[in-house]
Amino acid sequence: MSKIVMKFGGTSVADIKIMKNAVSKICEEINNKKKVIAVVSAMGKTTDELVKQVKEISSIYDAREYDAILSTGENISASLLVLLLQNEGINARSWQGWQIPINTTENHSNARILSICSNKLEKKFSSGMQVAVVAGFQGISKNNRITTLGRGGSDTSAVALAASTKAERCDIYTDVDGVYTTDPRITSEAKKLDKISYEEMLELASLGAKVLQTRSVELAMQYKVKVRVLNSFNKGSGTILCDEEEIMEKRVVSGITFSKDEAKLTILSVKDKPGVAGIVFDCLSKANINVDMIIQNISDKNLTDVTFSCPTDQVKIAKESLEKGKSNKILDYNRLDIDTQVSKISIVGIGMRSHSGIAQTMFKTLGDENINIKVISTSEIKISVLIERKYLELAVQALHEAFKLSNI
Ligand code: ADP
Ligand code: ASP
Ligand code: MG
């Protein structure tokens, strides 16, 4: 009995009329004699609205209740989709995370899947169920509390279910034709990629491309899940995630991605001696700050400046944790400068391993547009820079052209 997982994102289940598209995609697979696990997101912007309601009560809230509230969005879309399928004479039922169960850590609002017990699903499939509609984004902790998997987490639910049920494929249906060379909303020059390596997709996702949640790509890579990204509203072959070896022509740069809301913090005049950087980042890590890029500037008279970046919504806590370190005399510095008007832009490609001059092209292109680079970081297959936010779109478009990505 071959199974496939089909995941429908928020825009693909935005209302009943739109959900009928999902029904017809599912019917096509049923006609191909497949059993289907359909994973759904909440309808349209439901999750954003639920977050807003929670925050209307207070900015400090019980994370367990936050998850219980957020998970309701997916419960509604799962059951509505089942009713539509039943109308077509299909044997379908809905499954919430706890009913499967999808077991997760207790890290509310950003839980990780620990295990999925698919016995109950399998039993139902054997007794005639054709479609299991699973509420994405949610699971259950060992304390019997509902958890959620972080924004965009339905992708991860889908890939994890595909891995645990040994599904033939995991098709991610969304509102674009596949994975593009950059966010198609930024430039009409963006081109859909037929294939992308897991590694490149992992970098693109973790550096800001929200088309797939980073954790879903990690799981796909680890469990060798065949993932396709497809458009819910059009026919087309989408983008296949595959091993690097399956891509004949290695592109030097496959994609450009960005993270809009970044901040740059500079701690001025800290002592330039062993152990100080450890203290700085210990303060930040205790406050759960996601520090990203780091640079230490040239030392002068045994004093140095340390610059790092983090998401803008963490700036307040980062500032408080450093100030606390200073008032507790754990850390000594002269001043803290904060720039909340920066964005991170990254170029990603496996071909970078074997080609030189990529950084030079990137920096020259930005320079020619008069865009100043504030911080740089690199890995084997990516280069990221921090720039002023107002130049973000211009920078994406200029780099897209410089690396000839519209000719891919
Ligand atoms: P869903 O609700 O289906 O999960 P998301 O909004 O999470 O959809 O992800 C799809 C969106 O990701 C697209 O509408 C697009 O704007 C954005 N996106 C960002 N980078 C890329 C990229 N490189 N390729 C395709 N889409 C991208
Ligand atoms: N509904 C959740 C969100 O908006 C999960 C998802 O869509 O994948 O983040
Ligand atoms: Mg998504």
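Residues numbered from 1 in each chain as written. Chains lettered and ligands numbered in written order. Predicted model: local features only at pLDDT ≥ 70, side-chain atom pairs only at ≥ 80, totals over all residues. Heavy atoms only, no water.

Asker: Can you explain the layout of surface pockets? Please cite residues and give values.
Answerer: When its volume is computed, the second largest pocket comes out at roughly 230 Å³. Ile279, Asp282, Cys283, Lys286, Ala287, Ile317, Glu320, Ser321, Lys324, Gly325, Asn328 and Ile330 together form the lining of the second largest pocket. Elements represented by at least two residues in the lining of the second largest pocket include exactly α9 (276–286) and α10 (315–327). Here the lining of the second largest pocket gets five residues from one element, more than from any other, and that element is α10. (1 Å grid on protein atoms, 1.4 Å probe; cavity = no way out; pocket = protein on both sides within 12 Å on 5 of 7 lines; lining within 4 Å. Points joined across faces, edges and corners; volume = space filled by probe spheres on them. Helix = DSSP H or I, 4+ residues; strand = E, 2+ residues; numbered from the N terminus.)

Asker: Go over the side chain of asparagine 231, please, and point to the residues and values.
Answerer: As for its placement among the helices and strands, asparagine 231 is situated in strand β11 (residues 227–231). Polar side-chain contacts of asparagine 231 include one of 2.7 Å to the side chain of aspartate 177. For asparagine 231, the side chain forms a polar contact with the main-chain nitrogen of phenylalanine 233, separated by 2.8 Å. Among all residues touching asparagine 231, those that are not within four sequence positions of it are Lys25, Tyr173, Thr174, Asp175, Val176 and Asp177. (Polar contact = N/O pair within 3.5 Å; in protein donor to acceptor, adjacent residues only side chain to side chain. Contact = heavy atoms within 4.5 Å.)

Asker: Would you mind going over the state of the cysteines in detail, with residue names and values included?
Answerer: Taken as a whole and judged by the stated rule, the model has zero disulfides. Of all cysteine sulfurs in the structure, the one in cysteine 310 sits closest to cysteine 283, which takes part in no disulfide; the separation is 14 Å. (Disulfide = S-S within 2.5 Å.)

Asker: Could you give an account of the site of ligand 2, with specific residues and numbers?
Answerer: As a structural note, the neighbourhood of ligand 2 is formed by Ser41, Ala42, Thr47, Glu74, Phe137, Arg151, Gly152, Gly153 and Ser154. Taking glycine 153, its main chain carries an N or O atom lying 3.4 Å from an oxygen atom of ligand 2. When the residues that make up the shell around ligand 2 are grouped by side-chain class, the tally is two nonpolar, five polar and two charged. (Near = heavy atom within 4 Å. Nonpolar A, V, L, I, M, F, W, Y, C, P; charged D, E, K, R; others polar.)

Asker: Account for the sheet that holds strand β16 (residues 335–348), with residues named and values stated.
Answerer: On the basis of which strands lie adjacent, the open sheet formed by six strands has the order β14-β15-β13-β16-β18-β17 and antiparallel pairing. One side of each edge strand has no neighbouring strand; the edge strands of this open sheet are β14 (294–296) and β17 (375–379). When the angles between neighbouring strand axes are averaged without regard to direction, this sheet yields 25 degrees. Bridge analysis of strand β13 (residues 255–271) against strand β15 (residues 303–311) gives eight bridges, and the strand direction is antiparallel. Bridge assignment links lysine 271 to a residue of β15, and that residue is leucine 303. (Pairing = 2+ DSSP bridges. Axes fitted to C-alpha atoms, helices over the stretch in contact; angles between N-to-C directions.)

Asker: So what's going on with the site of ligand 1? Residues and values would help.
Answerer: Around ligand 1 there are 17 residues in total, and Thr174, Asp175, Tyr180, Asp183 and Arg185 lie nearest to it. The separation between an oxygen atom of ligand 1 and a polar side-chain atom of aspartate 175 is 2.9 Å. With respect to ligand 1, the side chain of arginine 185 contributes an N or O atom lying 2.5 Å from an oxygen atom. Computed on the free molecule, ligand 1 has an accessible area of 570 Å², of which 89% lies beneath the protein chains in the complex. Its residues placed into classes, the shell around ligand 1 shows seven nonpolar, five polar and five charged. (Areas by Shrake-Rupley, 256 points an atom, 1.4 Å probe, with all protein chains shown as cover.)

Asker: Report on the sheet that holds strand β1 (residues 3–8), specifying residues and quantitative values.
Answerer: The strands that make up a sheet are held in pairs by hydrogen bonds between backbone atoms, and each pair lies either parallel or antiparallel. Taken together, the eight strands give an open sheet; going across it, the order is β3-β6-β2-β1-β9-β11-β12-β10, and neighbouring strands pair in mixed fashion. The sheet terminates laterally at β3 (92–95) and β10 (195–197), the two strands that pair on one side only. The sheet shows a mean angle of 20 degrees between the axes of neighbouring strands, taken without regard to direction. The sheet contact formed by strand β9 (residues 169–174) and β11 spans five bridges and is parallel. Each residue of the ladder has a partner; that of isoleucine 172, found in β11, is valine 229. With respect to the sheet, helix α4 (residues 72–87) is in contact with β2 (35–40), β3 and β6 (131–135), its orientation differing from that of β6 by roughly 160 degrees.

Asker: For the packing of aromatic side chains, give the residues involved together with the corresponding values.
Answerer: With the rule as written, the count across this model stands at three aromatic pairs. Ring centres 5.0 Å apart and planes at 10 degrees place the aromatic pair tyrosine 61 and tyrosine 66 in the stacked group. Here phenylalanine 281 and phenylalanine 308 contribute two aromatic rings whose centre-to-centre distance is 5.9 Å and whose plane-to-plane angle is 75 degrees, an arrangement assigned as edge-to-face. Taken together, the residues span a long stretch of sequence, with phenylalanine 281 in helix α9 and phenylalanine 308 in strand β15 at a distance of 27 residues. On the basis of relative accessibility, which here comes to 1%, the residue phenylalanine 308 falls in the buried class. In this arrangement the basic side chain of arginine 93 is found over the ring face of tryptophan 95, its NZ or CZ atom lying 3.7 Å from the centre. (Phe/Tyr/Trp six-rings, centres within 6.5 Å; stacked < 30°, edge-to-face > 60°. Buried < 20%, exposed > 50% of the residue type's maximum accessible area, 1.4 Å probe, protein only. Lys NZ or Arg CZ within 6 Å of the ring centre and 35° of its normal.)

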